[in-house]
Amino acid sequence: MSAAPWLHEGEPFVWRPYCQHRTAPPPLAVTAARGCRLVLADGTELVDGIASWWTAAHGYGHPHIRARVAEQLETMPHIAFGGLAHEAGYTLARRLAALFDGRLSHVFFTESGSVAVEVALKMALQSFYNAGRARRTVVAFGGAYHGDTFAAMSLCDPVNGMHNAFTGNGVRAVHVPLPVPGDDAFEKAFAEIGRDAACVVVEPLVQCAGGMRFHDAEALRRIRRACDAQGSLLVFDEIATGFYRTGARFALDEAGVVPDIVVLGKALTGGTLPLAAAIASDPVFEAFLDAGTGRELQHGPTYMANALACAAAHASLDLFERDDYQARVQRLGDAMGARLAGLRGRPNVVDVRVRGAIAAVEMKPGTARPSTEFAARGAFVRPLRLRRADVVYLMPPLVIEDEDLNVLLDAVELECRR
Ligand SMILES: Cc1ncc(COP(=O)(O)O)c(C=O)c1O
């Protein structure tokens, strides 16, 4: 008798994400998540190397987040945000705006990162439309990943991404190369298309799901300059990089570049409840103002600004404020870098790189060991399998302590060395 009969009984009915059901092994049955560990149905504990798709920054079940959500549950789990307001949402919007020193202060809440990206695109496209000079193109970068909804998919890498079946079904997106030192291919490409570009969308400093590829702050400064020259808006998708993942609170702080719209998600609620936000500058917001109707932003998800999720986000922000996460990430990055450097030069290893609390071992395609092998060593690790590379990566909870981190590093070291 399996330790989790519900898994086998439910399996025929569940359509899993990114999964070839004919060949995929069953998922791991998790009965509890505590701290940095996942507890499996048979009692085994795995250290979570990817923090539930990079959300669980404070670890699982943090008492402060649980208490704040429980308190909210007592009064009001959810009300529609149209025509009604709740304190958790309004105070959270103010609090988020304060993180950007008044430069980005108009917060639109959604229930997923992909939808927040859609909203950012709608903000950009409709702001031009409202001004009577519609622009139809959005610009993104090779290697990008911005989500799985249609417009977000259009921004993802068209060649190496996973959405080829939908090419041509989304918004009009043009992909250009990221600026690299000594090469002006980006500027040349953008000069051709910039006049019709409503916005440029970029994951600042790290392209995550596209392979944990890093670029420098100068690339972002060059993109900002190109946008300014053509009057295009700049959107930073900080869904993955935000909240200290790259080192500073936001990658935009680290780069010293202010976009016109920033998109947040994932660690915003500490991985507790779904919530994301697109946050715009004054000029973007003002492009929607009018004495009559017709110019307003046409978006309003049913569960936007869910009060429980807003309460979780407040608690998550409290925790970020209470502790020195920047120092934590620095220590974490140093430890990961020191241990994984030894993998450089191994037969299947192409590159080892670390930025903030992100460590990536890029391997030849098809050579990364499956998750089951890492699990046998007590670690939950899920390599990215891209066309040109396999990437074994760690993005653990930011609060992980040495003992658990060593479980992850041992597993990665041993499995990538083979
Ligand atoms: C940079 C980036 N943008 C957008 C998304 C999509 O967010 P969600 O999965 O919440 O829709 C992700 C998810 O991995 C992401 O990493």
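Provided above is the structure to which this section pertains.
What counts, and where the lines are drawn
- By convention here, each chain's residues receive numbers from 1 onward along its written sequence.
- Only residues with pLDDT of 70 or above have their local features reported here, since the model is predicted, and side-chain atom pairs are shown and tallied only from 80 upward, although totals for entire chains, interfaces and linings are computed over all residues.
- Side-chain numbers come from the whole structure's heavy atoms, not from hydrogens or water.
- A helix here means a DSSP run of H or I that spans at least four residues, while a strand means a run of E at least two residues long, and both kinds are numbered starting from the N terminus.
- Radius of gyration: over C-alpha atoms. The globule rule applied is 2.2 Å multiplied by the number of residues raised to the 0.38 power.
- Working rule for contacts: check all heavy atoms of both residues, and any pair within 4.5 Å makes them a contact.
- Values of accessible area rely on a 1.4 Å probe in the Shrake-Rupley scheme; residue burial ignores everything except the protein chains shown.
- Throughout, near means a residue has at least one heavy atom within 4 Å of the molecule or strand.
- Pairing of N or O atoms within 3.5 Å defines a polar contact, subject to two protein rules: one partner must be a possible hydrogen donor and the other a possible acceptor, and residues neighboring in sequence count only if both atoms are side-chain atoms.
- When residue character is reported, Ala, Val, Leu, Ile, Met, Phe, Trp, Tyr, Cys and Pro are called nonpolar, Asp, Glu, Lys and Arg charged, and the others, Gly included, polar.
- One speaks of a salt bridge when a side-chain nitrogen belonging to Lys or Arg is within 4 Å of a carboxyl oxygen belonging to Asp or Glu.
- Remark: exposure states derive from per-residue accessible area (1.4 Å probe, protein chains only) relative to the maximum for the residue type, with buried under 20%, exposed over 50%, and partly exposed in between.
- Lines are fitted to the C-alpha atoms to define the axes, a helix being fitted only along its stretch in contact, and any angle between axes, read from their N-to-C directions, falls within 0 to 180 degrees.
- Any angle that is under 35 degrees is reported as roughly parallel, and any over 145 degrees as roughly antiparallel; angles of 65 to 115 degrees are reported as roughly perpendicular and all others as oblique.
- Helix crossings are classified by the rotation of the near helix relative to the far one: an anticlockwise turn of less than a right angle makes the crossing left-handed, while a clockwise turn makes it right-handed.
- Definitions used throughout: a 1 Å grid over protein atoms alone; a cavity as a set of points that fits a 1.4 Å probe which cannot get out; a pocket as an open set with protein on both sides within 12 Å along at least five of seven lines; a lining residue as one with an atom within 4 Å of a point.
- Grid points are joined across faces, edges and corners, and a volume is the space filled by probe spheres set on the points.
- Put simply, two rings from Phe, Tyr or Trp (the six-membered ring, in Trp's case) pair if the centres are within 6.5 Å, and we call them stacked under 30 degrees between planes, edge-to-face over 60, tilted for the rest.
- In our convention, an over-ring charge means Lys NZ or Arg CZ found within 6 Å of a ring centre and within 35 degrees of that ring's normal.
- For patch building, the residue pool is restricted to those with more than 30% relative accessible area and no salt bridge; the joining distance is 9 Å between like charges and 5 Å between nonpolar side chains (Val, Leu, Ile, Met, Phe, Trp, Tyr).

(A) Fine view of the overall build of the chain. Across its full length, the chain holds 14 helices and 17 strands. In terms of C-alpha radius of gyration, the chain reaches 21 Å, essentially the compact-globule figure of 22 Å for 418 residues. Its C-alpha atoms put the chain at 65 × 55 × 45 Å along the principal axes. In the chain, the proportion of contacts linking residues at least 24 apart, taken out of those at least 6 apart, comes to 69%. With the model as given, the accessible surface of the chain reaches about 18,500 Å², and the carbon-plus-sulfur share is 54%.

(B) Fine view of the site of the ligand. Residues in close proximity to the ligand include Trp54, Ser112, Gly113, Ser114, Tyr145, His146, Gly147, Glu203, Asp237, Ile239, Ala240 and Lys266, which together make up its full environment. A distance of 2.6 Å separates an oxygen atom of the ligand from a polar atom in the side chain of Ser114. In isolation the ligand has 390 Å² of accessible area, and contact with the protein removes 82% of it. Split into classes, the residues belonging to the shell around the ligand amount to four nonpolar, five polar and three charged.

(C) Inspection of the pattern of salt bridges at higher detail. Taken as a whole and assessed by the stated rule, the structure comprises 27 salt bridges. In this structure, Arg95 engages Glu321 in a salt bridge whose closest nitrogen and oxygen atoms are separated by 3.4 Å. Of this pair, Arg95 sits in helix H4 (residues 87–99) while Glu321 sits in helix H11 (residues 307–322), and the two are 226 residues apart along the sequence. Overall, the relative accessible area of 56% leaves Glu321 in the exposed class.

(D) The arrangement of the packing of helix H3 (residues 63–75) against H11 in detail. At a closest axis distance of 8 Å, the pairing of H3 and H11 adopts a crossing angle of 150°. Taken as axis vectors, H3 and H11 run roughly antiparallel relative to one another. Once H3 is placed against H11, the crossing between them reads as right-handed. Here H3 contributes His64, Ile65, Arg68, Val69, Gln72 and Leu73 to the contact with H11, which in turn contributes Ala307, Leu308, Ala311, Ala312, His314, Ala315, Ser316, Asp318, Leu319 and Arg322. The residue makeup of the contact of H3 with H11, split by class, is nine nonpolar, four polar and three charged.

(E) A look at the packing of helix H7 (residues 185–193) against helix H8 (residues 217–230). Direction vectors running N to C along H7 and H8 enclose 20°, while the axes themselves pass 11 Å from each other. Of the possible angle classes, the one that applies to H7 and H8 is roughly parallel. Like other packed secondary-structure pairs, H7 and H8 cross with a definite hand, here right-handed. Residues Phe186, Glu187, Phe190 and Ala191 of H7 touch H8, and the partners they reach there are Arg222, Ile223, Ala226, Cys227 and Gln230. Of the residues in the contact of H7 with H8, the class split is six nonpolar, one polar and two charged.

(F) Region of the structure containing empty space enclosed by the protein. Tallying each qualifying case throughout the model produces one cavity of 30 Å³ or more. Looking at the largest cavity, its volume works out to about 30 Å³. Around the largest cavity, the lining residues are Trp54, Ala57, Ala240, Gly242, Phe243, Arg245, Ala267 and Leu398. Of the residues in the lining of the largest cavity, the class split is six nonpolar, one polar and one charged.

(G) Molecular detail of the packing of aromatic side chains. Under the counting rule described, the total for this entry stands at 13 aromatic pairs. Consider the rings of Phe320 and Tyr325, whose centres lie 4.8 Å apart with planes at 65°: the pair is edge-to-face. Taking relative accessible area as the criterion, Phe320 reaches 5% and is therefore assigned buried. Ring pairs connect the aromatic residues Phe100, Phe243, Tyr244, Phe250, Phe320 and Tyr325, which therefore count as one cluster. Geometry around Tyr325 places Arg328 over its ring, the cationic atom sitting 6.0 Å from the centre. Positioned above the aromatic ring of Phe214, the side-chain terminus of Arg353 is 5.9 Å from the ring centre.

(H) Seen up close, a nonpolar patch on the surface. A cluster of nonpolar side chains, namely Tyr18, Trp53 and Met162, defines an oily patch on the protein surface of about 330 Å² accessible area. Residue position: Trp53 is located in helix H2 (residues 51–54).

(I) Region of interest: the side chain of Thr246. Looking at the element boundaries, Thr246 is found in the loop between strand S10 (233–237) and helix H9 (251–255). Since its relative accessible area comes to 3%, Thr246 is described here as buried. A polar contact of 3.2 Å, which involves the side chain of Thr246, links it to the side chain of Glu254. When residues no more than four places from it in sequence are discounted, the contact partners of Thr246 are Leu205, Val206, Thr241, Ala251, Glu254, Arg355 and Gly356.

Spatial relationships are all this shows, so hold off on functional conclusions.
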